[in-house]
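Summary of the model geometry
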Amino acid sequence: MAYWLFKSEPDVFGWDDLVAKGDKGEEWDGVRNYQARNFMRAMKAGDLGLFYHSNIGKEAVGIVQVIAEAHPDSSTDDPRWECVDVKAVKPLPRPISLDQAKQEPALKDMVLVNNSRLSVQPVTDAEWATIMKLAGL
DNA sequence: GCCAACGTTGGC
DNA sequence: GCCAACGTTGGC
């Protein structure tokens, strides 16, 4: 089981939008960055991830699950781009803000803290455990 | 709204 | 294959 972090601007596609999709989830399309794509290719069905709101909120608000492994991105004809499908699992009782992550010593090496521009990121087991605890899970 | 950081593109 | 120019992202 691997852990990930998915970033989205809530005014474009936010946590509530994913929740509204229910168990069918949604394609995580539109990624046009090789690093991010490669992480999606590495995902397995059942992997869990954080849903992070960039720009507005700047906090991780929920847990998502990978329900379909990498497949061609239907939002483009360019065969280079692939995406996975994710669904909302549950909200975090206490969202984890970027500020909080920066202040938490156990999270100082998180990709989110050091390379905020990468839109799909890996999260280590230790980071995941720390975040779950801080989030009240 | 600004600007720094980063990734990608394209000319050489 | 290098590197300058450009566009985009995202924190502030």
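None of these values were measured; they are calculated from a predicted model. (Residues numbered from 1 in each chain as written. Chains lettered and ligands numbered in written order. Predicted model: local features only at pLDDT ≥ 70, side-chain atom pairs only at ≥ 80, totals over all residues.)

Re the overall build of chain A
Each helix and strand counted, chain A has six helices and six strands in total. For chain A, the α and β elements follow one another from N to C terminus as β-α-α-β-α-β-β-β-α-α-β-α. In terms of overall dimensions, chain A is globule-like: its C-alpha atoms have a radius of gyration of 14 Å, near the 14 Å expected for 137 residues. Along the first, second and third principal axes, the C-alpha set of chain A runs to 40 × 30 × 30 Å. (Helix = DSSP H or I, 4+ residues; strand = E, 2+ residues; numbered from the N terminus. Rg over C-alpha atoms; globule rule 2.2 N^0.38 Å.)

Considerations on the sheet that holds strand S5 (residues 82-97)
If you trace the six strands from one edge of the open sheet to the other, you get S2-S5-S4-S3-S1-S6, paired in mixed fashion. Two strands close off the open sheet at either side, each with one partner strand: strand S2 (26-27) and strand S6 (120-123). Bridging between strand S1 (residues 3-8) and strand S3 (residues 48-53) involves six bridges; their strand directions are parallel. If you follow serine 8 over to S3, its bridge partner there is histidine 53. Together, S1, S3, strand S4 (59-72), S5 and S6 form the strand contacts of helix H6 (residues 125-135), whose direction differs from that of S5 by roughly 45°. (Pairing = 2+ DSSP bridges. Contact = placed C-beta atoms within 7 Å. Axes fitted to C-alpha atoms, helices over the stretch in contact; angles between N-to-C directions.)

The values reported here are purely geometric and, on their own, carry no functional implication.
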